[in-house]
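Structural overview for review
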Amino acid sequence: MQDQPPVPSSVSGVPMSQVEAVNVELSVVLGRSVLPMAQLLKMGRGAVIPLDATEHDEVWILANNHPVARGQIEIREDRIAITVTRPADVYDFMAGAA
């Protein structure tokens, strides 16, 4: 069993119990698409939206809508998982980089 680093009792003076109580919404962006509004309004159930990504491209991992990491999609049994591969570059995300 590996030695775990000590858990700090506070972060910047805030007790860890308060930090641990903060919820963070995680989102994964698979790709992007630009569509005319008329086409978007015509879409219904079952519509397919083409993305600017392939199945092997890295995805964006967002925390509260802010890019924090890049990752790879994995299929594990009947679940989809994301493996973090590297930190995100916010400038690439804003520029729409793949």
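Structure report, in brief. (Residues numbered from 1 in each chain as written. Predicted model: local features only at pLDDT ≥ 70, side-chain atom pairs only at ≥ 80, totals over all residues. Heavy atoms only, no water.)

**Let's talk about the environment of Pro67**
Within the secondary structure, Pro67 is located in strand E5 (residues 66-76). Ignoring sequence-local partners within four residues, the contact set of Pro67 consists of Trp60, Ile61, Leu62, Ala88, Val90 and Phe93. (Helix = DSSP H or I, 4+ residues; strand = E, 2+ residues; numbered from the N terminus. Contact = heavy atoms within 4.5 Å.)

**A closer look at the pattern of salt bridges**
A full pass over the atoms with the stated rule returns two salt bridges. Its salt-bridge partner being Glu58, residue Arg86 comes within 2.7 Å of it at the nearest N-O pair. With Arg86 in strand E6 (residues 79-87) and Glu58 in the loop between helix H2 (37-42) and strand E4 (59-63), the pair connects residues that are 28 residues apart, well separated along the chain. Residues Glu74 and Arg76 are paired through a salt bridge, measuring 3.0 Å at the closest nitrogen-oxygen approach. Overall, the relative accessible area of 48% leaves Arg76 in the partly exposed class. (Salt bridge = Lys/Arg side-chain N within 4 Å of Asp/Glu carboxyl O. Buried < 20%, exposed > 50% of the residue type's maximum accessible area, 1.4 Å probe, protein only.)

**Description of the sheet that holds E5**
The strand order across the open sheet built from four strands is E3-E4-E5-E6, with neighbouring strands paired in antiparallel fashion. Pairing within the sheet leaves two strands with one partner each, and these edge strands are strand E3 (26-29) and E6. Between one strand and the next, the sheet's axes are offset by a mean angle of 40°, whatever the strand orientation. Across four bridges, E3 lies against E4 in antiparallel orientation. Residue pairing in the sheet places Val28 in a bridge with Ile61 of E4. (Pairing = 2+ DSSP bridges. Axes fitted to C-alpha atoms, helices over the stretch in contact; angles between N-to-C directions.)

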